[in-house]
Amino acid sequence: MIWSILMLLIVFLFFLTKSKIEYCKLRNHSKKIEVEVVEYRKENGGMKNERKSLSYPYVRIKTEKDEYGIVKLQFANNFKKPFKIGEKIFVFLYLGDLLYWNAYDNEIYKYLPESWRITK
């Protein structure tokens, strides 16, 4: 029983580490963009059959010639609103989505490595 729980924990940590490493690779090859959080909107999220309502932050991003657009940030949380209105944060663009730059730099993720190499 203890061994199976330990194995599940190791597999779980392996997959968390793998997702952080993949995210960091995407982030490191992207341009860092500063944006301002302007509002939160509740939207349905999750799987098709789930009826979860998640709070998505919308940010103001500079486009061309001092023009601004409001864009949804792909960083939802149903427990709290991680950013304050008016707060400036860094994001990057990946396949048409804005992703939060420091998404894996908090909670348990900050303790996981950013690469498979043990020594740098």
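The structure under discussion appears in the preceding block.
Residues numbered from 1 in each chain as written. Predicted model: local features only at pLDDT ≥ 70, side-chain atom pairs only at ≥ 80, totals over all residues. Heavy atoms only, no water.

> Just checking my understanding: could you explain the pattern of salt bridges for this structure?
Any two side chains of opposite charge can pair if their charged atoms end up close together. The full count for this structure, using the stated rule, is three salt bridges. Ionic pairing is found between Glu-36 and Arg-60, a salt bridge with its closest N-O pair at 3.9 Å. With a gap of 24 residues between them, Glu-36 in strand S1 (residues 33-45) and Arg-60 in strand S2 (residues 52-62) connect regions that are remote in the sequence. For Glu-36, a relative accessible area of 25% corresponds to the partly exposed category. Residue Glu-39 is joined to Arg-41 by a salt bridge in which the shortest nitrogen-to-oxygen separation is 2.9 Å. Residue Glu-39 is classed as partly exposed on the basis of its relative accessible area of 29%. (Salt bridge = Lys/Arg side-chain N within 4 Å of Asp/Glu carboxyl O. Helix = DSSP H or I, 4+ residues; strand = E, 2+ residues; numbered from the N terminus. Buried < 20%, exposed > 50% of the residue type's maximum accessible area, 1.4 Å probe, protein only.)

> Where do I start with the packing of aromatic side chains in this structure?
Each aromatic ring pair is described using two quantities: the centre-to-centre distance and the angle formed by the ring planes. Taken as a whole and judged by the stated rule, the model has four aromatic pairs. Consider the rings of Phe-14 and Phe-15, whose centres lie 5.4 Å apart with planes at 75 degrees: the pair is edge-to-face. On the basis of relative accessible area, Phe-14 is assigned to the partly exposed category, the value being 42%. The interplanar angle of 70 degrees and the centroid separation of 5.5 Å between the aromatic rings of Tyr-23 and Phe-92 together place this pair among those described as edge-to-face. In this pair, Tyr-23 sits in helix H1 (residues 2-28) while Phe-92 sits in strand S4 (residues 88-94), placing the two residues 69 residues apart along the sequence. Within the aromatic cluster, the residues linked to one another by ring pairs are Tyr-23, Phe-92 and Trp-101. Here the basic side chain of Lys-32 rests over the ring of Phe-90, its NZ or CZ set 4.6 Å away from the ring centre. Above the plane of the ring of Tyr-56 lies Lys-72, whose end atom (NZ or CZ) is 4.3 Å from the centre. (Phe/Tyr/Trp six-rings, centres within 6.5 Å; stacked < 30°, edge-to-face > 60°. Lys NZ or Arg CZ within 6 Å of the ring centre and 35° of its normal.)

Remember that the coordinates give geometry; whether it matters functionally is a separate question.
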